[in-house]
Amino acid sequence: MDVFFLMEMIGTVAFACSGAMVAIEKRLDLLGIIVLGETTAVGGGMIRDIIIGIHPPALFVDPIYVIAAFVSVMVLFVAVKYFYQSADILESPMYEAVLNLLDAIGLGAFTVVGIDTAVGAGFGEYKFLMIFLGVITGVGGGILRDMMAGQTPAVLRKHVYACASIAGAVCYVILMNYTGEGPAMVVSAILVTVIRVLARHYKWNLPRAI
Amino acid sequence: MDVFFLMEMIGTVAFACSGAMVAIEKRLDLLGIIVLGETTAVGGGMIRDIIIGIHPPALFVDPIYVIAAFVSVMVLFVAVKYFYQSADILESPMYEAVLNLLDAIGLGAFTVVGIDTAVGAGFGEYKFLMIFLGVITGVGGGILRDMMAGQTPAVLRKHVYACASIAGAVCYVILMNYTGEGPAMVVSAILVTVIRVLARHYKWNLPRAI
Amino acid sequence: MDVFFLMEMIGTVAFACSGAMVAIEKRLDLLGIIVLGETTAVGGGMIRDIIIGIHPPALFVDPIYVIAAFVSVMVLFVAVKYFYQSADILESPMYEAVLNLLDAIGLGAFTVVGIDTAVGAGFGEYKFLMIFLGVITGVGGGILRDMMAGQTPAVLRKHVYACASIAGAVCYVILMNYTGEGPAMVVSAILVTVIRVLARHYKWNLPRAI
């Protein structure tokens, strides 16, 4: 079983659904939902590939992730449309909780995928670059999603969002020397997701200036 | 007559004017109008060149499109300033209709220009990449325009916006094998524009989830 | 004394503080303040490096500017938190004036740094490209800052913002042939900052269309 492929697929599906849910909240039509889902799912990887000089970015050459995101969005769309008739769902705490969980899963999966791509591209010696690329791959799709949807990016607004990604990235860079890439990826991705879920549940806050 | 040059020039002028009209709506001053016009006109092509690894992007080496966009913006600015004294024009349906038409023309022209650039860069074998690059070139400038102007990007909000671009891109990729690039470009660009104009007129809508 | 390093460091500190001040205005927590400060400080340079094809961008390989921006943000955060207890500071004209000054300093420093990087990358023959890259390096970080913070980018809204950067860029390209790079950088960066400060003080306005 290829852990890298599995992680990228988990991240793609989770982020595609998170983008689609934000689009549904904004009352966009089906096309807007698809575009926002796709952008969230493949945006972080595209930014990463542009930064390290992979031309053209992987998603353009092998569209499997674009297709996976499309299928995820369509399934979500049908589920929401036929099982929920009213807009009440948008106000329910459950909607917000699911959206947050999907975002946390995507953040964890894409953080480790980003580091692994950096290693594969020959940057395994640059620890700082690897961590930075992991974080950008993790948060990039969500930043594009939020900026296009007209809301403050999660990375600026949510409890310990960037911190969770950095913690997972550092964990991966250390662990991979001892356990190999596969187990290190899984553990680090879960770490990110758990930190985000706990941060939301216990409302971990950092101080404000004023 | 070089059809590629003609298409790129049509797209540049149309998108420069659309960016300037949005800036006028937002009551920006002349500099803001020029910056938004330029960004809209050359933004999609810059994103495309970065994605396929053309360094530096064509617009930096040969500034003819930057100059064309500048002239277009200045002509539009003078026309609006001296022929319309009041802000009533901004509320008139005509203003919105012209803005929409210019956006549709730019979308069509840049979609085919994007595909042609991908072919020229040696990606003629990758059908998916060609279509994707065409769509990104078409919608990219408008996304930058709308995000900078603080409004939801047209690609999320307008009737069958991305669909029109995809339809034109697929049409071009198929047609070019039979008719050569020139006629295929013209037909496909017109197809995009016509779909967008019809979509607006008949208010073609896709379903919402809720 | 390396003038290039000095200029980049001045720009980094000034832009990091401007990003942090905007984040404080938006009532973000410490993490949001750090993320917005970093984005503002290194965003323009990252966009520039991506455009001219420096893979990976310099900031990823040598994190000195990332660290400098981090330290600047922390110092600013502590200063605001402990010396000002109330939110009144955000309404004071002084806060706005300091923010504007830091933004003007960063704009000047990064404009000349961007041109110098273009020359170093072998584009010294393309005057238009050099000026454009200088302006993008200067305004890029601020555009990312304002778009993430949900406000109209300074380059669209502020008095002669892009003009000041263009004036400094043209000044540098001309001067460097006579005085060498060091003095030309200092003079041009100061020119940009002075133009911006004067523009704000005397409320230089360009005409609007309506």
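Along every chain, residues carry numbers that run from 1 in the direction the sequence is written. Each chain is given a letter, starting from A, and each ligand a number, starting from 1, according to the order in which they appear as written. Predicted model: local features are reported for residues with pLDDT of at least 70 only, side-chain atom pairs are reported and counted for 80 or more only, and whole-chain, interface and lining totals are derived from all residues. Each side-chain value is derived from all of the structure's non-hydrogen atoms; neither hydrogens nor water enter the calculation.

Per an unreviewed UniProt entry, chain A goes by Trimeric intracellular cation channel family protein and derives from Brotaphodocola catenula. UniProt positions are given in the numbering used here, feature names are shortened, and annotations may be inferred rather than shown by experiment. Taken verbatim from the UniProt record of chain A, the Subcellular location (unreviewed entry) comment is "Cell membrane".

A. Fine view of the interface of chain B and chain C. Here, residues are in contact when the closest pair of their heavy atoms is within 4.5 Å. Taken together, the contacts link 29 residues of chain B with 26 residues of chain C. With both sides pooled, the region where chain B packs onto chain C buries about 2500 Å², and carbon together with sulfur makes up 77% of that total. Accessible area that two parts lose when put together, with a 1.4 Å probe and added across both, is what the buried area reports. When the buried area of chain B at its contact with chain C is split by residue, Leu31, Phe60 and Met148 of chain B rank highest and sum to 27% of it. Salt bridge, as used here: a side-chain nitrogen of Lys or Arg that lies within 4 Å of a carboxyl oxygen of Asp or Glu. Across the chain B-chain C interface, the total number found is zero salt bridges.

B. Representation of the side chain of Thr137 of chain B. Residues and elements named next belong to chain B. Helical segments are the DSSP runs of H or I of at least four residues, strand segments are the runs of E of at least two, and each set is numbered from the N terminus. Following the sequence through the fold, Thr137 ends up in helix α7 (residues 127-148). Here the term buried applies to any residue with accessible area under 20% of the maximum for its type, exposed to any over 50%, and partly exposed to those in between, with areas from a 1.4 Å probe on protein chains only. We classify Thr137 as buried; its relative accessible area is 1%. A 3.5 Å cut-off defines polar contacts: any pair of N or O atoms within that distance qualifies, except that in protein one atom must be a possible hydrogen donor and the other a possible acceptor, and neighbouring residues in sequence count only when both atoms are side-chain atoms. Here Leu133 takes part through its backbone oxygen, which lies 2.7 Å from a polar atom of the side chain of Thr137. Here Thr137 is in contact with Gly44, Gly45, Arg48, Phe110 and Gly114, once residues within four sequence places are set aside.

C. View of the interface of chain A and chain B. At the junction of the two partners, chain A supplies 29 residues and chain B supplies 26 residues. Summed over both partners, the interface of chain A with chain B buries about 2500 Å², with 77% contributed by carbon and sulfur atoms. Area buried by chain A at its contact with chain B is led by Leu31, Phe60 and Met148 of chain A, which between them contribute 27% of it. Our count for the chain A to chain B interface comes out at zero salt bridges. Here chain A is connected to chain B by seven residue pairs in polar contact (both at pLDDT 80 or more). Contributing elements (two or more residues each) for the side of chain A that touches chain B: α2 (30-52), α3 (58-61), α4 (64-83), α5 (88-91) and α7 (127-149) of chain A. At eight residues, the largest contribution of residues to the side of chain A that touches chain B is made by α2 of chain A. Residues are grouped as follows: nonpolar covers Ala, Val, Leu, Ile, Met, Phe, Trp, Tyr, Cys and Pro; charged covers Asp, Glu, Lys and Arg; every other residue, Gly included, is treated as polar. Tallied by class, residues from the side of chain A that touches chain B come to 23 nonpolar, three polar and three charged.

D. Quick look at the UniProt feature "transmembrane region" (unreviewed entry) in chain A. Residues and elements named next belong to chain A. Taking the UniProt record as the reference, the feature "transmembrane region" (unreviewed entry) is found at residues 6-24, 31-52, 64-84, 104-123, 129-147, 159-176 and 182-199. This span, residues 6-24, is 100% helix and 0% strand, and a straight line between its end C-alpha atoms measures 27 Å. Span residues 31-52 is 100% helix and 0% strand, its end C-alpha atoms 31 Å apart.

E. Region of interest: the UniProt feature "domain: Glycine transporter" (unreviewed entry) in chain A. Residues and elements named next belong to chain A. UniProt's entry tags residues 6-79 and 101-176 with the feature "domain: Glycine transporter" (unreviewed entry), counted in the numbering of this structure. Split by type, residues 6-79 is 85% helix and 0% strand. Its first and last C-alpha atoms lie 24 Å apart. As annotated, residues 101-176 comprises 83% helix and 0% strand, and the C-alpha atoms at either end are separated by 26 Å.

F. Fine view of the relation of the copies chain A and chain B. Rotating chain A by 120° and moving it 0.0 Å along the rotation axis overlays it on chain B with an RMSD of 0.0 Å. In the structure described here, the two chain copies are related by an operation that fits a three-fold rotation axis. The fraction of interface residues of chain A whose copies in chain B are also interface residues is only 10%, indicating that the copies meet through different surfaces. The copies are overlaid by a least-squares fit using only the C-alpha atoms of residues whose pLDDT is at least 70 in both copies.

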